[in-house]
Structure formats: C-alpha cells, structure tokens
Amino acid sequence: MENAQLIGLSRQIALQRQMDVVANNMANMNTAGYKNMDILFEEYVMPVARHKDFEMMDQPLSYTQDWATIHDFASGSITQTGNPLDVAIQGDGFFVIDTPGGERYTRNGSFQLNELGQLVTSEGYNVLADGGFVTFGPEETGIAITEDGRVTSSAGDKGILRIAEFDDPQSLRREGDTMFSGENPIFDNPSRLVHMAIERSNVSGVSEMTEMIRVTKAYESIASLQQRQDELRRSAIQKLGDTRA
C-alpha cells in the first residue's frame, strides 16, 4: 500500500509542476514575445524497490518524473502598433540585450526610451546595436528601423540592431518571462524586422484552458485514489489489532 501511495504522490508532484507551467503560460497570454512552455515526463523505475505480491518475484516500481521544460519557439502573430519604438522579428532571431549578468536574448520588441534617451526594454535593459547602445537626443524625430535592423532618425544613422539566432534554441535558458541566456549566438542570419509592430505571445488560450482542466481532473483522481488507499491501510491496521487482541 505504501508503494501505491508513493507512486501516486510522484504523479501528483509532477501534475503540480505542470499546473504551475500552465498557469504561467496563461498569465503571459498578452505578454509581447512570450514563448509557451511545456514539461516532458518520463518513467522512473526504482532501482531497488520491488513489489513481491505477484507470481513473478521481480516486479519493478515505476514512478513519474518531470525531467525537462521545453519552449515552443513558434512565432506569435505580428500586430501593428504605430509606435516608432516597437519592433517585431520575422524569423528565428532574438534581440540582444545588455544586462548586469551579461548579454541576454528576447523576442519582446516593445521598447522605450530611458532618461538618457537610450533604447531599452520594459525592464530597463539596453538594446544592443553594432555600435553599442542606441541613443536619441530630445530634439530628434522620425525614428525608423529597416528590415535589416538599421536605426535612423532626423539626426542620421544610429547603428544596426544586433539579431542573434541559435542552432539549438532548446538549449536556451529562460530568465524571467521573455528573456533567455545561451551560448554561441549566430549574428549572420536571415531574420528580418517589422517596424512599428510587436510579436504577440504564442500561447493558445483555448489549449491552455483545456490543459488546466485535464491536469485538475487528473490530480483530483489521484487524490481520491490516495484517500481510498489510506482508508484501506487504516482498516487493515484496525483489523490486525482486533485479531491480536
């Protein structure tokens, strides 16, 4: 009975982790550049524990283990905003961001200007171009960004935004909601930019709601099984005590 409860508990822990991921996806449905997450599960066979109540004396016990979180890097829909600081990426590229922890990468092109006139993310991190930071003066107008990332204004050329791609995007590590860290970026890539537009989250609200219902029902089913197992153990202990008395 203890084995059955432990196996059920391992599944409940995995479902709780999956519910956290689904809830995070739904919370970021309207976050520009957000990429949907999912969890991969695998069977974990206990190397020493065995169930010996069957005819075969070697019955391994299988538990549920969540061993990896994967990211869905499919492109979200691109929406025109009319904001001259908004940029969307067509392709597999990422904007390169300067943070205290080093360079990071994001698909969230909803940019703004800080008090120094520098192009930054909503978190305040500088967006990197080939010449460093992109800075505008208070009197500058006519900000434009071409499809190859060249930034210009009434004051002239401001540099070319750095766009990175990766051979294996799944190797990227998520930091926060829309930023990633990784190694070996490829800057010579075919990604193109769309000015005055942002890429929406690629989360499907219908799919995530359906998944939330499925996970909830699975969790409740296992909880009910655990309760019945507990009642069975309690009954067995009680009957054993009555027999000995």
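Computed from a predicted model, the values in this text were never measured in an experiment.

Rules and cut-offs
Residues numbered from 1 in each chain as written. Predicted model: local features only at pLDDT ≥ 70, side-chain atom pairs only at ≥ 80, totals over all residues. Heavy atoms only, no water. Helix = DSSP H or I, 4+ residues; strand = E, 2+ residues; numbered from the N terminus. Buried < 20%, exposed > 50% of the residue type's maximum accessible area, 1.4 Å probe, protein only. Contact = heavy atoms within 4.5 Å. Salt bridge = Lys/Arg side-chain N within 4 Å of Asp/Glu carboxyl O. 1 Å grid on protein atoms, 1.4 Å probe; cavity = no way out; pocket = protein on both sides within 12 Å on 5 of 7 lines; lining within 4 Å. Points joined across faces, edges and corners; volume = space filled by probe spheres on them. Nonpolar A, V, L, I, M, F, W, Y, C, P; charged D, E, K, R; others polar. Phe/Tyr/Trp six-rings, centres within 6.5 Å; stacked < 30°, edge-to-face > 60°. Pairing = 2+ DSSP bridges. UniProt positions renumbered as here; feature names shortened; annotations may be inferred.

Student: Describe the overall build of the protein, naming the residues involved and giving the relevant values.
Tutor: When its secondary structure is counted, the protein shows two helices and 18 strands. Sorting the 245 residues of the protein into buried and exposed places 36% on the buried side. At a minimum sequence separation of 6, the contacts of the protein that also span at least 24 residues come to 64%.

Student: Give a detailed account of the pattern of salt bridges, specifying residues and quantitative values.
Tutor: Oppositely charged side chains can form a pair if their charged atoms are brought close together. Overall, the coordinates contain eight salt bridges when judged by the stated rule. Among the salt bridges present, the one from glutamate 199 reaches lysine 35, with a minimum N-O distance of 2.6 Å. One end of the pair, glutamate 199, is in strand 18 (residues 197-199); the other, lysine 35, is in the loop between helix 1 (2-27) and strand 1 (37-51), and 164 residues separate them in sequence. The pair formed by glutamate 199 and lysine 35 is uniform in burial state, with each residue classed as buried. Overlapping salt bridges bring together Lys35, Arg107 and Glu199 as one network.

Student: Which residues make up the layout of surface pockets, and what are the values?
Tutor: Taken as a whole, the largest pocket holds about 180 Å³ of empty space. In terms of lining residues, the largest pocket is bounded by 14 residues, among which Asp148, Leu161, Ile163, Phe187 and Asn189 are the most central. For the lining of the largest pocket, a count of residues per class yields five nonpolar, three polar and six charged.

Student: Any details on the packing of aromatic side chains? Residues and values, ideally.
Tutor: Counting across every chain of the model gives six aromatic pairs. Between the aromatic rings of phenylalanine 73 and phenylalanine 180, the centroid separation amounts to 5.4 Å while the plane-to-plane angle is 55°, which identifies the pairing as tilted. In this pair, phenylalanine 73 is assigned in the loop between strand 2 (59-71) and strand 3 (78-80) and phenylalanine 180 in strand 16 (residues 179-181), connecting sequence segments 107 residues apart. Members of the aromatic cluster, joined through ring pairs, are Phe73, Phe94, Tyr105, Phe166 and Phe180.

Student: Break down the environment of serine 122 for me, citing the residues and quoting the values.
Tutor: Considering the arrangement of structural elements, one finds serine 122 in the loop between strand 8 (119-120) and strand 9 (126-129). Note: C-alpha distance between serine 122 and glycine 109 (13 residues apart in sequence) is 9.2 Å. When neighbours within four sequence positions are excluded, serine 122 is seen to be in contact with Asn108, Ser110 and Gln112.

Student: Could you give me a rundown of the sheet that holds strand 11 (residues 144-145), with the residues and numbers involved?
Tutor: Strand order in the open sheet made by the three strands is 11-12-13, with antiparallel pairing throughout. Among the strands making up the open sheet, the edge pair consists of strand 11 and strand 13 (156-160). Alignment of strand 12 (residues 150-153) against strand 13, held across four bridges, turns out to be antiparallel. In the sheet register, valine 151 faces strand 13, and the bridge partner there is glycine 159.

Student: Any chance you could break down the UniProt feature "domain: Flagellar basal body rod protein N-terminal" (unreviewed entry) in the protein for me, citing the residues and the numbers?
Tutor: Annotation from UniProt places "domain: Flagellar basal body rod protein N-terminal" (unreviewed entry) at residues 7-35. Structurally, residues 7-35 is divided into 72% helix and 0% strand, and its ends, taken at the C-alpha atoms, are 32 Å apart.

Student: Can you tell me about empty space enclosed by the protein, naming the residues and giving the values?
Tutor: Inspection of the entire model under this criterion finds one cavity of 30 Å³ or more. The computed volume of the largest cavity comes to approximately 50 Å³. Forming the walls of the largest cavity are Ile97, Thr106, Asn108, Ser110, Phe111, Thr121, Ser122, Glu123, Thr178 and Met179.

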